[in-house]
Amino acid sequence: MLEKDILKVLVTREEIKQIAKKLGKQLAEDYKDKFPLVVGILKGCVPFMGELVSEMDIHLEMGFMDVSSYHGGIESSGDVKISKDLGLSVQDRHIIIAEDIVDTGRTIKTIKELLLFRGASSVVTATMLDKPEGRVVDFHPEYIGTTIPKEFVVGFGLDYDEKYRNLPYVGVLKPEVYNK
Ligand code: PRP
């Protein structure tokens, strides 16, 4: 049913599994004995973060923040709003931010600066997708699943108008869907 709206698949379910496995293994190696706090940025992080932490065979804590900048369209508004805060102290903690995508970089840069300001010992970003051509601020995620071109993508957490997050892969929407 959802597939009929997809022009092409960019990252398959199998590739996503491999990405989670590779990054998860690397993070587990880099963070063993550090009891990291993995912070998911809602809502897009949910499917990928689930897979990522299940590939990290170390003790870790999970937390979530709800941050939004799109407000329903396909362009970032540039206005980053925190609608749900973490609700726990980050003082002296090693933080891994789990993201579905880094596009303009505004969301992640804002959150990283905030967590460091609050006293985190370190903050890195693990993102399923990186879209470097979309960048408007200087930001380089430390852990990148795969790099994608400057196209509007949906699926595996990424939405258009709150829909398509539940697609089991990442794809490009047919233009008629958002030109309607
Ligand atoms: C998306 C995505 C990232 C952010 C990336 O979230 O999940 O958090 O945008 O874009 P940026 O690099 O241009 O800031 P969104 O604000 O759409 O909220 P959502 O996860 O609830 O869809």
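First, a word on scope: everything that follows refers to the structure included in this document. Since the model is a prediction, treat every value here as computed from it, not as a measurement. (Residues numbered from 1 in each chain as written. Predicted model: local features only at pLDDT ≥ 70, side-chain atom pairs only at ≥ 80, totals over all residues. Heavy atoms only, no water.)

### With respect to unusual backbone geometry
As a reminder, the rule being used: A run of H or I in DSSP counts as a helix once it spans at least four residues, and a run of E counts as a strand once it spans at least two, with each numbered from the N terminus. Exposed residues in this analysis have more than 50% of their type's maximum accessible area, buried residues have under 20%, and partly exposed residues fall in between, with area computed by a 1.4 Å probe over protein chains only.
With an omega of 0°, the peptide bond between Leu42 and Lys43 qualifies as cis. By secondary structure assignment, the location of Lys43 is in the loop between β2 (37–42) and α2 (46–54). Unusually for a residue other than glycine, Asp33 sits at a positive phi of about 70°. Here Asp33 shows up in the loop between α1 (13–31) and β2. Looking at Asp33, the relative accessible area reads 80%, which means it is exposed. Unlike most non-glycine residues, Phe35 shows phi in positive territory, near 40°. When you line up the elements, Phe35 lands in the loop between α1 and β2.

### Quick look at the site of the ligand
Using the following cut-off: Working definition: residue near molecule or strand if any one of its non-hydrogen atoms lies within 4 Å of it. Throughout, the Shrake-Rupley method with a 1.4 Å probe supplies accessible areas, and for residues the shown protein chains are the sole cover considered. Amino acid classes used here: Ala, Val, Leu, Ile, Met, Phe, Trp, Tyr, Cys and Pro are nonpolar; Asp, Glu, Lys and Arg are charged; the rest, including Gly, are polar.
Around the ligand there are 18 residues in total, and Glu99, Asp100, Thr104, Gly105 and Thr107 lie nearest to it. Within the complex, the protein chains bury 95% of what would otherwise be the 490 Å² of accessible surface of the ligand. Sorting the residues of the shell around the ligand by element identifies β3 (61–68), β5 (94–102) and α3 (106–117) as the ones contributing at least two each. In terms of residue count, the dominant contributor to the shell around the ligand is β5 (four residues). When its residues are assigned to classes, the shell around the ligand shows five nonpolar, six polar and seven charged.

### Brief notes about the pattern of salt bridges
Pairs can form between side chains of opposite charge whenever their charged atoms are close. The condition that has to hold: Any carboxyl oxygen of Asp or Glu within 4 Å of a side-chain nitrogen of Lys or Arg constitutes a salt bridge here.
Here the structure, examined in full by the defined rule, presents 13 salt bridges. In this structure, Glu51 and Arg13 form a salt bridge, with 2.4 Å as the shortest nitrogen-oxygen distance. With Glu51 in helix α2 and Arg13 in helix α1, this residue pair connects regions lying 38 residues apart in the sequence. Looking at Glu51, the relative accessible area reads 16%, which means it is buried. Look at Arg13 and you get partly exposed, because its relative accessible area is 29%.

### Comments concerning the side chain of Thr107
For clarity, the threshold we go by: Any pair of residues with heavy atoms lying within 4.5 Å of one another is described as a contacting pair.
Tracing the chain through its elements places Thr107 in helix α3. The class for Thr107 is buried, based on a relative accessible area of 17%. If near-sequence neighbours (up to four positions away) are discounted, Thr107 is found in contact with Ile41, Val67, Ser69, Val80 and Glu99.

### With respect to the sheet that holds strand β1 (residues 6–11)
For clarity, the threshold we go by: One requirement defines pairing of two strands: DSSP has to find at least two bridges between them. Convention adopted: a line fitted to C-alpha atoms gives each axis, helices being fitted over their contacting stretch, and angles between N-to-C directions are expressed from 0 to 180 degrees.
One open sheet holds the three strands; their spatial order is β1-β9-β8, and the pairing between them is antiparallel. The strands lining the two open edges of the sheet, one partner per strand, are β1 and β8 (153–154). With two bridges connecting them, β8 and strand β9 (residues 170–173) associate as antiparallel partners. Each bridged residue has a counterpart across the sheet, and for Val154 the counterpart in β9 is Gly171. Contacting β1 and β9, α1 crosses the sheet at an angle of about 30° to β1.

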